[in-house]
Every structure is written in structure tokens, then in C-alpha cells.
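Residue strings, one per chain:
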Amino acid sequence: MKPFEFISSKPEETIEFSKSLAKLLKAGDVIALEGDLGAGKTTFTKGLALGLEIKKNVNSPTFTIIKEYQGRLPLYHMDVYRVEDSFEDLGFDEYFDGNGVTVVEWAHLIAEQLPEELLTIYLYLGENGSRRLVLEPKGQRYEELCKEILL
Ligand code: ADP
Ligand code: MG
């Protein structure tokens, strides 16, 4: 299958992209974000929050692993960079199965606990501040979402 890709030339474009994606999201949707430090995972999450009509500013939850925001739907923002081991159970399931949208930075670090179906987005650093976003859907729901967003 051909990968779904989006090239962003500046932070605002990443935000615009995730903001439009957010408008298509439903309760129970899970998005995994992968990429080096500074790749734009939190920036992407800010756009999601805007698209979910969240008024509060989203920032890196450095010491808090999970932060919750209220908008059109709740947004559960996880940054699992500091989770000690991949099996450490912080009640992730309740968020994945909850009434909101979950976004997980560094999701592979809790790979064993992730739901089977989700949308993984890899962010790669390019030249001159560009970023390549590669979307990897797992499950029909997310395949359709990718087609819709990249039409
Ligand atoms: P991460 O959460 O992956 O560590 P952040 O989103 O916190 O990354 O930081 C990304 C940094 O890169 C921000 O300072 C942002 O302004 C900058 N940046 C530059 N170009 C882009 C782009 N095209 N998309 C996203 N962020 C970008
Ligand atoms: Mg971050």
C-alpha cells in the first residue's frame, strides 16, 4: 500500500494539517506520534486541540504523562517519553476506550499497551524547517480517515 504523506514547510502548516484532521475525529480515536525530539509532535498536537475547539494552550507534558483538555471532544494528550518500562500501566486503556480523542507522543514506548487499530504519524525532519509526515493507518476506520484528509 502506498503511504499517505504530507510535507509541511513550516510549523503553521503542520498545525493547519492537524487542525483539519481533528475536525474528522470521533470519540475513541487514537493517534500515535513518532519522531525525534523537535520533530513537531507537540506542535501537531496543538493543531489537533485547535481543531477540537480547545481554548487552552497545549504544551509538552514533560512531567505529567497524561493531560486532559476539554473541547468539542475531550483530548487526552500523552507523552510517554518518561514511562519507565513499556508495561507500566498508568490506566491508558481507560483513555483509549474513553469519550475523547487520544494522542500519544513516543507511542512505541508503550507499544504493548496500544490499541490494535490506530493512526500512527511519523514526523521526519527535512531541510529548511520542513517536515515530512507519514501516516500509517491500522484498521478500516483510520484508512478511511487518511483518504479523507489527503483528498
Ligand atoms: P516534539 O514534540 O516532537 O519534540 P515540538 O513540536 O515540541 O516537537 O517542537 C518542534 C519545533 O520545531 C517547534 O519549535 C516548531 O516551531 C519547530 N518547527 C519548525 N518547522 C516545523 C514544521 N514544519 N512543523 C512542525 N514544527 C516545526
Ligand atoms: Mg513533544
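Look up a bit, the structure's there.
All residue numbers here refer to positions counted from 1 along the written sequence of the relevant chain. Here every chain gets a letter starting at A, and every ligand a number starting at 1, in the order they are written. Totals for whole chains, interfaces and linings use all residues, but because this is a predicted model, local features are given only for residues with pLDDT of at least 70 and pairs of side-chain atoms are given and counted only at 80 or more.

Novice: I tried to follow the site of ligand 1 on my own but got confused; where do I start?
Specialist: Throughout this description, a residue near a molecule or strand is one whose C-beta atom, derived from the backbone, lies within 6 Å of it. Inspection of the region around ligand 1 gives 18 residues, with Thr 14, Gly 40, Lys 41, Thr 42 and Thr 43 positioned closest. Secondary structure elements are defined from DSSP: runs of H or I of at least 4 residues count as helices, runs of E of at least 2 residues count as strands, and each element is numbered from the N terminus. Mapped by element, the contributors of at least two residues to the shell around ligand 1 are α1 (11-23) and α2 (41-51). Three categories are distinguished: nonpolar for Ala, Val, Leu, Ile, Met, Phe, Trp, Tyr, Cys and Pro, charged for Asp, Glu, Lys and Arg, and polar for the others, with Gly belonging to the last. Classifying every residue of the shell around ligand 1 gives three nonpolar, ten polar and five charged.

Novice: Can you help me understand the packing of α1 against α2 in this one?
Specialist: Geometry of a packed helix pair, given as the angle between the helix axes and the separation of the axes. Think of each axis as a best-fit line through the C-alpha atoms, taken over the contacting stretch in the case of a helix, with angles from 0 to 180 degrees between the N-to-C directions. Where α1 meets α2, the axes come as close as 7 Å, and the angle between the chain directions of the two elements is 45 degrees. When the interaxial angle is binned, α1 and α2 end up oblique. Of the two possible hands of crossing, α1 and α2 adopt the one that is right-handed. Contacts between α1 and α2 involve Pro 11, Thr 14, Ile 15, Glu 16, Phe 17, Ser 18, Lys 19, Ser 20, Leu 21, Ala 22 and Lys 23 on the former and, on the latter, Thr 43, Phe 44, Lys 46, Gly 47, Leu 48, Leu 50 and Gly 51. Throughout, the term roughly parallel applies to angles under 35 degrees, roughly antiparallel to angles over 145, roughly perpendicular to angles from 65 to 115, and oblique to all others. Helix crossings are classified by the rotation of the near helix relative to the far one: an anticlockwise turn of less than a right angle makes the crossing left-handed, while a clockwise turn makes it right-handed. Throughout, a pair of residues is in contact if the C-beta atoms placed from their backbones lie within 7 Å.

Novice: Which parts of the structure should I look at to understand the sheet that holds strand β7 (residues 131-138)?
Specialist: The strands making up a sheet are joined through hydrogen bonds of the backbone, oriented either antiparallel or parallel. Spatial ordering of the open sheet is given by β1-β7-β6-β2-β5-β4-β3, a layout of seven strands whose pairing is mixed. If you trace the sheet from one side to the other, it starts and ends with β1 (4-8) and β3 (66-69), each paired once. Averaged over all pairs of adjacent strands, the angle between their axes in this sheet comes to 20 degrees, without regard to strand direction. One ladder, built from five bridges, connects β1 with β7; its direction is antiparallel. Looking at the pairing, Phe 6 lines up with Leu 133 of β7. Sheet strands touched by α1: β1 and β7. Its angle to β1, the strand with the most contacts, is close to 140 degrees. Running at roughly 170 degrees to strand β5 (residues 101-105), α2 makes contact with β2 (30-34), β3, β4 (75-79), β5 and β6 (118-125) of the sheet. Strand pairing is defined by DSSP finding a minimum of two bridges between the two strands.

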